[in-house]
Amino acid sequence: MKTLENQTLLYDEDCPLCLVYTSGFIKAGMLDKNGKKPYCQLSDEEQNFIDVKRASNEIALVDNENKTVIYGIDSLLKVIGFSFPWMEKIGNLKPIKFFLKKIYSFISYNRKVIIPSKIKKEIKLQCVPNFNYKYRILYILFAIVTSSLLINKFDDNFIFSKTLLFTTVLFLIQNILILKFSREIVINYLGNFATSILLGSFLLLPIIILKSFLNLPETIYQIYFYFIISITIIDIIRRIKIIKFNLK
């Protein structure tokens, strides 16, 4: 594995996914031991040549010798491509790169509603992506459609007769409580709500797979489903607390 030296990826320390893949690059020998750095630890000198706003939206790869920076999917392709040139060539093909950029932006702009974190107000530099209505609405729609498919696969009759009303009422109550806030805050909350529902829906997968092999009693399905609902409600409450903390 070839090592790309004197290059540093700036990552969001509150994003588990960012931490995993930047650490993975170093462990794999694709970057040297100084190949990653938390965004919030940028020095004043580094801020002179790094686009700080852009780096909060797209992970930045800093060339420490030449003081140059590339961002987003380009930085990831450079790191991967140094060890696997063929992957960089494929990734730079126009249609593939266009697709990769859209997927990257979809995840990056929504990462704070996928995994919310408390804003550390004592830290001057916060790696918080800009609010993007397009990607947030797309994410909410994606979560709704995916959750609906998984829930219906679990048991369509049970869902429509027992849980549609519950979910709708919960959704309306939560939205009434946040009407006093700005549209951005409301949509941010809806993104968190959608994530909780999506995560709960993915937790139905073990039973969905099991159903294809075994004919279990309906009671087992209902108990498991209400267990998932409980986990989802707990996650929603946790997210509301984080949002309220960030609004203070």
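Residues numbered from 1 in each chain as written. Predicted model: local features only at pLDDT ≥ 70, side-chain atom pairs only at ≥ 80, totals over all residues. Heavy atoms only, no water.

> Got a minute to help me understand the overall build of the protein in this structure?
When helices and strands are tallied, the protein shows 11 helices and 4 strands. Counting all 248 residues of the protein, 42% fall into the buried class. Summed over all atoms, the accessible surface of the protein reaches about 14500 Å², with 66% contributed by carbon and sulfur. (Helix = DSSP H or I, 4+ residues; strand = E, 2+ residues; numbered from the N terminus. Buried < 20%, exposed > 50% of the residue type's maximum accessible area, 1.4 Å probe, protein only. Areas by Shrake-Rupley, 256 points an atom, 1.4 Å probe, with all protein chains shown as cover.)

> Looking at this model, I keep getting lost on helix α4 (residues 73-83). Mind explaining?
Note: α-helices contain 3.6 residues per turn, so residues at a spacing of three or four share the same orientation. Restricting attention to buried positions, one finds in α4 the residues I73, S75, L76, L77, V79, G81 and S83. At its buried positions, α4 is contacted by β1 (7-11), α1 (16-27), β3 (60-63), β4 (68-71), α5 (85-91) and α6 (94-114). (Contact = heavy atoms within 4.5 Å.)

> Explain the pairing of β3 to me, please; I cannot follow it from the model alone.
In summary, the side chains of a regular strand alternate between the two faces of the sheet. What you see with β3 is no split at all: A60 and V62 on one side and L61 and D63 on the other are buried throughout. Judged from the 4 bridges that link them, β1 and β3 form a sheet pairing that is antiparallel. Opposite L10, over in β3, you have A60 as the bridge partner. Sheet analysis places β3 next to β4, joined by 4 bridges and oriented antiparallel. Across the sheet, residue L61 finds its bridge partner in β4, namely I70. (Pairing = 2+ DSSP bridges.)

> So what exactly am I meant to see when it comes to the packing of α6 against helix α9 (residues 183-202) here?
Packed helix pairs are specified by the crossing angle of their axes together with the interaxial distance, meaning the distance between the axes. Relative to each other, α6 and α9 sit at 75°, their axes nearing to 8 Å. In terms of their interaxial angle, α6 and α9 are classed as roughly perpendicular. Two secondary-structure elements touch here, α6 through K112, V113 and I114 and α9 through N188, G191, N192 and T195. By residue class, the composition of the contact of α6 with α9 is 2 nonpolar, 4 polar and 1 charged. (Axes fitted to C-alpha atoms, helices over the stretch in contact; angles between N-to-C directions. Parallel < 35°, antiparallel > 145°, perpendicular 65-115°, else oblique. Nonpolar A, V, L, I, M, F, W, Y, C, P; charged D, E, K, R; others polar.)

> Before we go on, may I ask you to explain α6 in this structure?
Over its 21 residues, α6 runs 28 Å from end to end, which matches the ideal 30 Å to within 8%, given 1.5 Å per residue. Of all the bends found along α6, the most pronounced is centred on S108 and spans about 30°. Turning to α6, its buried residues are K97, Y104, S105, F106, S108, Y109, N110, R111, K112 and V113. (Expected span 1.5 Å × (residues − 1). Bend = angle between axes of the 7 residues up to and from the residue.)

> Explain the packing of aromatic side chains here, please?
Taken as a whole and assessed by the stated rule, the structure comprises 8 aromatic pairs. On the basis of an interplanar angle of 85° and a centroid distance of 5.9 Å, the ring pair of F106 and F142 is categorised as edge-to-face. One end of the pair, F106, is in helix α6; the other, F142, is in helix α7 (residues 133-162), with 36 residues separating them in the sequence. Aromatic side chains Y109 and Y135 sit 5.5 Å apart centroid to centroid with 10° between the ring planes, which places their arrangement in the stacked category. In this pair, Y109 is assigned in helix α6 and Y135 in helix α7, connecting sequence segments 26 residues apart. For the pair formed by Y109 and Y135, the shared burial category is buried. Three or more aromatic residues link up through ring pairs in this structure, and these residues are F106, Y139 and F142. (Phe/Tyr/Trp six-rings, centres within 6.5 Å; stacked < 30°, edge-to-face > 60°.)

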